[in-house]
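Take a look at the letters that make up each chain.
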Amino acid sequence: MLFGKTILVTGVASGIGARTAELAGQMGAEVIGIDVREPVVGSGAFIKGDLSTPSGIAEIVARLPARLDALANVAGLSGNTGIVATLAVNFYGLRALSEAVAPRLREGSAIVSVASIAGYGWRANLERAKTLTGIEGFPDVAAVVADHGLKNEEGYPLSKELLLLWTMRAAHQPLFKNRGIRVNAVSPGPVETPILKQFRAVLGDARVDSDITRVGRAGTAADIAPAVLFLCSDGGRWINGANLATDGGLEASINAEVLGF
Ligand SMILES: NC(=O)c1ccc[n+]([C@@H]2O[C@H](COP(=O)([O-])OP(=O)(O)OC[C@H]3O[C@@H](n4cnc5c(N)ncnc54)[C@H](O)[C@@H]3O)[C@@H](O)[C@H]2O)c1
């Protein structure tokens, strides 16, 4: 389903991005990887670049080929470097890259972003998410944080709430919709990658352990990559604006508790 396709994967130096790039290559795709860090083991072509600033994104986009078949937005921060950097990479930069890459994506192609169970609260915090996703372009994120009184510890979950809301909006945005570009998200629970230690520090051991206990184990990068690539492929052609929980049943368990069934 990916043979001969050119797939852009961000966050390829580690964890889920590295496994997604490797698996895409094994499935016959040409991979162009992006990361701020040099990968130790490379899969395909690599562009070193910083997705946290408008100029970093412009430099990356200038080096891309004219035609791409999918964009997998995997790069992300845990929140341990502060809310400004986290919102910049996990949402505003991700959105800016997706919008900049859209003209190069062929008709009927796909954008898939790795969100998280941490974005579960988007409905409860809907007004805030509507306001913050309504800010167009790549804003001065420090000013957004100050203007809206956002707290440092909210950075990670907020970034994923915004990503989930934007995924649904983007699926119907003319920039993507008019050319049949599908926009979807994949939401893992805890995954054994270097970022998990940081989540333990940011969210606390109790939250992470409770999530793991509900489903029996943490996920692995190899559990998440196939879901990302399925949504990138033509097999996902009728899936648009969706969030695919890829978490061993964690969201179902939380829904049962929250909704009381
Ligand atoms: N591991 C988990 O428990 C978990 C759970 C849910 C969601 N996620 C999400 O999965 C995605 C991948 O996380 P992971 O677990 O593979 O973490 P990871 O830390 O192993 O990999 C993240 C990658 O993103 C890159 N990156 C960070 N800032 C960047 C920037 N400014 N420009 C370019 N690249 C940058 C890093 O260099 C790193 O290689 C993230 O969006 C994360 O929020 C992870």
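It should be emphasised that the depicted structure is a prediction, and the values quoted were computed from it without experimental measurement.

**Some details on the packing of aromatic side chains**
Point 1. Per the stated rule, a full pass over the model turns up three aromatic pairs.
Point 2. Consider the rings of Trp166 and Phe176, whose centres lie 6.2 Å apart with planes at 85°: the pair is edge-to-face. Residue Trp166 is found in helix 6 (residues 155-170), and its partner Phe176 is found in helix 7 (residues 174-177); the two are separated by ten residues along the sequence. Residue Trp166 shares its accessibility class with Phe176, and that shared class is buried.

**As for the site of the ligand**
Point 1. Residues in close proximity to the ligand total 31 residues, the closest being Ser14, Asp35, Tyr156, Val191 and Thr193.
Point 2. Between the ligand and Gly76 there is a distance of 3.5 Å, counted from an oxygen atom to a backbone nitrogen or oxygen.
Point 3. Within the side chain of Lys160, a nitrogen or oxygen atom sits 3.0 Å from an oxygen atom of the ligand.
Point 4. The fraction of the free accessible surface of the ligand (830 Å²) that becomes covered by protein chains is 95%.
Point 5. Assessed atom by atom at 2 Å from the grid points, the ligand resides in the largest pocket.
Point 6. Elements supplying a minimum of two residues to the shell around the ligand: helix 1 (15-26), helix 6 and helix 8 (194-203).
Point 7. For the shell around the ligand, the element with the most residues is helix 8, which contributes four residues.
Point 8. Class assignment of the residues belonging to the shell around the ligand gives a composition of 18 nonpolar, nine polar and four charged.

**A short note on the nonpolar core**
Point 1. Ranked by internal contacts, the top residues of the largest apolar core, which has 44 residues, are Leu87, Tyr92 and Val101.
Point 2. Here this core gets nine residues from one element, more than from any other, and that element is helix 3 (residues 83-101).
Point 3. Apart from the residues within four sequence positions on either side, Val101 is in contact with Leu8, Val61, Leu64, Leu68 and Leu71.
Point 4. With 25 residues, the next largest nonpolar core counts Ile16, Val74, Val114 and Leu229 among its residues.

**Regarding the packing of helix 4 (residues 126-133) against helix 6**
Point 1. For the pair helix 4 and helix 6, the least separation of the axes is 9 Å and the interaxial angle reads 70°. Relative to helix 6, helix 4 is oriented roughly perpendicular. Contacts between helix 4 and helix 6 involve Leu126, Arg128, Ala129, Lys130, Leu132 and Thr133 on the former and, on the latter, Leu158, Glu161, Leu162, Leu165, Trp166 and Arg169.
Point 2. Among the residues forming the contact of helix 4 with helix 6, the class breakdown is seven nonpolar, one polar and four charged.

**Here's the deal with helix 3**
Point 1. The end-to-end C-alpha distance of helix 3, which contains 19 residues, comes to 25 Å, matching closely the 27 Å that a straight helix rising 1.5 Å per residue would cover.
Point 2. The largest bend in helix 3 is about 40°, located at Val89.
Point 3. For helix 3, the tally of buried residues reaches 15 of 19 residues, placing the bulk of the element in the interior.

**Here we look at the sheet that holds strand 6 (residues 182-187)**
Point 1. Sheet architecture is open: seven strands sit in the order 3-2-1-4-5-6-7, paired in parallel fashion. Among the strands making up the open sheet, the edge pair consists of strand 3 (45-48) and strand 7 (243-245). Here the average twist between neighbouring strands, direction ignored, is 20°.
Point 2. Sheet analysis places strand 1 (residues 6-10) next to strand 2 (residues 30-35), joined by five bridges and oriented parallel. Note on strand 2: the bridge partner recorded for Thr6 is Glu30.
Point 3. On top of the sheet, helix 10 (residues 221-232) reaches strand 1, strand 4 (68-73), strand 5 (105-114), strand 6 and strand 7; it is set at about 170° to strand 6, its chief contact.

**Points about the pairing of strand 4**
Point 1. Strand 4 sits mainly inside the fold: six of its six residues count as buried.
Point 2. As paired strands, strand 1 and strand 4 are joined by three bridges and run parallel to one another. Of the residues in strand 4, the one forming a bridge with Val9 is Ala72.
Point 3. Here strand 4 runs beside strand 5; their pairing, made up of five bridges, is parallel. The residue bridging Ala70 from the neighbouring strand is Ala110, located in strand 5.

Quick notes on the rules
- Residues numbered from 1 in each chain as written.
- Predicted model: local features only at pLDDT ≥ 70, side-chain atom pairs only at ≥ 80, totals over all residues.
- Heavy atoms only, no water.
- Phe/Tyr/Trp six-rings, centres within 6.5 Å; stacked < 30°, edge-to-face > 60°.
- Helix = DSSP H or I, 4+ residues; strand = E, 2+ residues; numbered from the N terminus.
- Buried < 20%, exposed > 50% of the residue type's maximum accessible area, 1.4 Å probe, protein only.
- Near = heavy atom within 4 Å.
- Polar contact = N/O pair within 3.5 Å; in protein donor to acceptor, adjacent residues only side chain to side chain.
- Areas by Shrake-Rupley, 256 points an atom, 1.4 Å probe, with all protein chains shown as cover.
- 1 Å grid on protein atoms, 1.4 Å probe; cavity = no way out; pocket = protein on both sides within 12 Å on 5 of 7 lines; lining within 4 Å.
- Sits in = over half its atoms within 2 Å of the grid points.
- Nonpolar A, V, L, I, M, F, W, Y, C, P; charged D, E, K, R; others polar.
- Core = buried A, V, L, I, M, F, W, Y, C linked by side-chain atoms within 4.5 Å.
- Contact = heavy atoms within 4.5 Å.
- Axes fitted to C-alpha atoms, helices over the stretch in contact; angles between N-to-C directions.
- Parallel < 35°, antiparallel > 145°, perpendicular 65-115°, else oblique.
- Expected span 1.5 Å × (residues − 1).
- Bend = angle between axes of the 7 residues up to and from the residue.
- Pairing = 2+ DSSP bridges.

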